[in-house]
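# Working through the structure, step by step
Here's the letter readout for the chains.
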Amino acid sequence: MKLTLEQIIKTSHCDVLVSPNNSETVLTALMWDSRQVVPGSLFVAIKGEKANGNDYLVEAMEAGAGAVIASENPSRKVIQAARDRKVLLVQAKDNDEIKSLLSLARAWRSNLEGTVVGITGSSGKTTTKDLIASVGARSFATHATRGNRNSEIGLAETILDATTEHELIVCEMGMQALGEIAQLCEAALPHIGVITNIGVAHCEQLGSRENIARAKAELLLSLPNNTGIAILPGDDPFMPLLCQFAQLDERMVSTMTYGLGEQNDIRATHITYDEMGYPSFRVWMPDGQCHLVSLSLQGEHNILNALAAMAVGLRIGVAPVSIAQALAAVKPAALRQELLKTTEGDIILNDTYNANPDSMRAALSLLKRLATNNLRIAVLGDMYELGNEEVNYHRQIGEYAFVNGVDELVTVGELGREIAAGALAVGMPQERVHRCANVDEALDALKSIRCQCLSEPAMKNEGNSCIILVKASRGMELERIAQGLNASVNQDV
């Protein structure tokens, strides 16, 4: 970001309260944590759940902020501090700091000539973003969303942190309601849109998968007519609706589909897995060529994420061999299918970042696929934002867990009890289902299972150890399971 104070005044959707001495001063950094402010920063007062940035406007100015955006009526102390330090003080119209941020991002976006890729979907967004960024970096100066910062704030940060030297800008886009992705796209102006899938995450807010598809299609609707490129999940039953909602044919937006079915432009065949679930497969290109790809990410769902990244790579001109190398280099992010090992030799598949029914099934399928004789334990907790069907979705996961060979099921939380009910309904023995109210109870249950495993001949297994899947929505804080079992990252797993 290189915006002058005059540009900030004109484009930030704010009212000026204190003018600067020199409106041509250039600011180069966006901050909303006053502890990270450096000279030349623009500080935006974000009203968060745990902190209100308006309480730190003076601290930001003292740290060298060249301009501050208030999102509440500033106190006399704040106004006087801005006058004393000759700092630009503006207040977001309607106290809407998010709209101000996106307005600034849109203004800076007009300076960027690199190709912008937008990514959305019910699951797999962050991994797909990481894969696309790895592929792009093989041939282009690439900038991407940090971590999973896919909200309005994160999107603004991604755009404002990009430079005019970046040739590829990869933006992850999340949403909770209709219209939110459209708002993000007004700032990002993507050239390429990638949809990972249409699941049931956010059904609570949107009501149906059709509405979820409509919301995701906002990314495709933002693509430019005639030159836009849509990368679509060809096996997803909602793909025709995506095309219809986004009017892709009428607007002459180019499409490329990916998946496992023969109808896809890019597809994977001859899929094999090693003993820890890492896949290798052949990828067939639109021109009929075939390339071998191996991933350091587990599970079939990551094959699909890799195919989406390959589609983007081909459309921007990365050589297939370079794409395959880039895909193989990507490792799982923290809390996403992270393999840990406890001090007692148990393996933990730590997938606690978030959960919805699709990602829960994918994780259970991976647990089943692992080539191990160890006892398979699934620790599963509540999945949020599933709407009126939440009980049914949780019970289906319980059924799926038992059918997929889970030896011991530990559930956490109120909705976790519905997972247990689903497993019991399809025949899982009562003594193998452990319903827990919280993490501490779950840890006690795991320790009891392990003691029983060591003491009872019928439960003994190779190495007398267990492999434990831990998964739930982020708010359940099930990552504490790994901490409680003294697990750590082990490169030899």
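Now for a description of the structure that goes with this document. Fair warning: this is a prediction, and the values are worked out from it, not measured in the lab.

Let us now look at the sheet that holds strand 6 (residues 67-70). The mixed open sheet is built from five strands, whose spatial order is 2-7-6-5-4. Strands at the two margins of the open sheet, each flanked by one partner only, are strand 2 (14-18) and strand 4 (29-31). Here the strands of the sheet are splayed against their neighbours by 25 degrees on average, with no regard to which way each runs. With four bridges joining them, strand 2 and strand 7 (residues 88-92) adopt antiparallel strand pairing. Note that in strand 7 the partner of Val18 across the bridge is Leu89. Sheet strands touched by helix 4 (residues 97-109): strand 2, strand 4, strand 5 (41-44), strand 6 and strand 7. Its angle to strand 5, the strand with the most contacts, is close to 150 degrees.

This part is about the pairing of strand 11 (residues 192-195). In strand 11, alternate side chains face the same way, and those of Ile192 and Val194 on one face and Gly193 and Ile195 on the other are all buried. Alignment of strand 8 (residues 115-120) against strand 11, held across four bridges, turns out to be parallel. In the strand pairing of strand 11, Gly118 is matched with Gly193. Bridge count for strand 11 against strand 12 (residues 229-233) is three bridges, and the pairing is parallel. Across the sheet, the residue bridging to Gly193 is Ala230, located in strand 12.

It is worth spelling out the nonpolar core at this point. Ranked by size, the top nonpolar core spans 56 residues in total, and within it Leu42, Leu155, Ile159, Leu160, Met173 and Leu220 carry the most contacts. Beyond its immediate stretch of four places on either side in the chain, Leu155 contacts Leu102, Arg149, Cys171, Met173, Leu184, Ala187 and Ala188. Counting 38 residues, the second-largest nonpolar core is a separate cluster that includes Val170, Tyr258, Ile303 and Ala308.

So, about helix 5 (residues 125-137). With 13 residues, helix 5 should reach 18 Å at 1.5 Å per residue; the first-to-last C-alpha distance of 18 Å fits that figure. Judged by how many residues are buried, helix 5 sits mostly within the fold: 11 of 13 residues are covered. The complete set of buried residues in helix 5 reads Lys125, Thr126, Thr127, Thr128, Lys129, Leu131, Ile132, Ala133, Ser134, Val135 and Gly136. Its buried side turned inward, helix 5 meets strand 8, strand 9 (142-144), strand 10 (168-172), strand 11, helix 11 (300-316) and helix 12 (320-329).

To continue, consider the environment of Pro74. Mapping Pro74 onto the fold places it in the loop between strand 6 and helix 3 (76-85). Sequence spacing of Pro74 and Leu89 is 15 residues, and the spatial spacing of their C-alpha atoms is 9.3 Å. Residues in contact with Pro74, not counting those within four places in the same chain, are Leu17, Ile79, Leu89 and Gln91.

Read from one edge of the open sheet, nine strands run 9-10-8-11-12-13-14-15-16, paired in mixed fashion. Since the sheet does not close on itself, it has two edges, and those belong to strand 9 and strand 16 (290-294), each with one partner. Across the sheet, the mean angle from the axis of one strand to that of its neighbour is 20 degrees, orientation sign disregarded. Here five bridges tie strand 8 to strand 10, and the two strands are oriented parallel to one another. If you follow Gly118 over to strand 10, its bridge partner there is Cys171. Strands strand 8, strand 11 and strand 12 of the sheet are contacted by helix 9 (residues 209-221), whose axis makes an angle of about 160 degrees with strand 11.

Right, let's talk about the environment of Tyr278 for a bit. Structurally, Tyr278 is set in the loop between strand 14 (266-273) and strand 15 (279-284). Between the C-alpha atom of Tyr278 and that of Leu297, which follows or precedes it by 19 residues, the distance is 6.0 Å. Setting aside its immediate chain neighbours within four residues, Tyr278 contacts Thr272, Tyr273, Leu295, Ser296, Leu297, Gln298 and Leu339.

Across all of its chains, the model carries zero aromatic pairs by this definition. Its guanidinium or amino end placed over the ring of Tyr400, Arg361 lies 6.0 Å from that ring's centre, counting from NZ or CZ. Residue placement shows Arg369 over the ring face of Tyr273; its charged tip is 3.9 Å from the ring centre.

Another point: helix 10 (residues 239-246). The set of residues buried in helix 10 consists of Met239, Leu242, Phe245 and Ala246. Looking straight down helix 10, one finds that the buried residues subtend no more than 125 degrees of arc, so they occupy a single side. Opposite the packed face of helix 10, turned more than 90 degrees from it, sit the exposed residues Pro240 and Gln244. Just downstream of helix 10, Gln247 is the residue with a positive phi angle, here 50 degrees.

Here we take up the packing of helix 5 against helix 11. Relative orientation of the contacting elements helix 5 and helix 11 amounts to 35 degrees, with a least axis distance of 9 Å. For the pair helix 5 and helix 11, the sense of crossing is right-handed. Touching Thr127, Thr128, Leu131, Ile132, Val135 and Gly136 of helix 5 are Asn302, Asn305, Ala306, Ala308, Ala309, Val312, Gly313 and Ile316, all from helix 11. Looking at side-chain class alone, the contact of helix 5 with helix 11 contains eight nonpolar, six polar and no charged residues.

Reported here for the second largest pocket is a volume of approximately 810 Å³. Looking at the second largest pocket, it is lined by 22 residues, and the ones nearest its centre are Trp32, Ile46, Gly48, Ala51 and Ile153. Elements represented by at least two residues in the lining of the second largest pocket include exactly strand 4 and helix 6 (152-161). Top contributing element to the lining of the second largest pocket by residue count: helix 6, with three residues. Counted by class, the lining of the second largest pocket contains eight nonpolar, five polar and nine charged residues.

Here we come to the pattern of salt bridges. For the structure shown, the criterion picks out 15 salt bridges. Residues joined in a network through salt bridges with shared partners are Arg146, Arg149 and Glu157.

Turning our attention to the state of the cysteines. Scanning all chains against the criterion turns up zero disulfides. Free of any disulfide, Cys185 has its nearest cysteine sulfur in Cys171, 9.0 Å distant.

Our next topic: the pairing of strand 19 (residues 375-381). Of all seven residues that make up strand 19, seven are buried, and the element is covered over most of its length. Every second residue of strand 19 is oriented toward a common face, with Leu375, Ile377, Val379 and Gly381 on one face and Arg376, Ala378 and Leu380 on the other, all of them buried. In this view, the connection linking strand 19 to its parallel neighbour strand 20 (residues 408-412) by way of helix 14 (residues 390-403) has right-handed handedness.

What counts and how
- Residues numbered from 1 in each chain as written.
- Predicted model: local features only at pLDDT ≥ 70, side-chain atom pairs only at ≥ 80, totals over all residues.
- Heavy atoms only, no water.
- Pairing = 2+ DSSP bridges.
- Helix = DSSP H or I, 4+ residues; strand = E, 2+ residues; numbered from the N terminus.
- Axes fitted to C-alpha atoms, helices over the stretch in contact; angles between N-to-C directions.
- Contact = heavy atoms within 4.5 Å.
- Buried < 20%, exposed > 50% of the residue type's maximum accessible area, 1.4 Å probe, protein only.
- Core = buried A, V, L, I, M, F, W, Y, C linked by side-chain atoms within 4.5 Å.
- Expected span 1.5 Å × (residues − 1).
- Phe/Tyr/Trp six-rings, centres within 6.5 Å; stacked < 30°, edge-to-face > 60°.
- Lys NZ or Arg CZ within 6 Å of the ring centre and 35° of its normal.
- Arc of directions from axis to C-beta.
- Left-handed = near helix turned anticlockwise from the far one by under 90°.
- Nonpolar A, V, L, I, M, F, W, Y, C, P; charged D, E, K, R; others polar.
- 1 Å grid on protein atoms, 1.4 Å probe; cavity = no way out; pocket = protein on both sides within 12 Å on 5 of 7 lines; lining within 4 Å.
- Points joined across faces, edges and corners; volume = space filled by probe spheres on them.
- Salt bridge = Lys/Arg side-chain N within 4 Å of Asp/Glu carboxyl O.
- Disulfide = S-S within 2.5 Å.
- Right-handed = clockwise from strand over helix to strand, strands pointing away.

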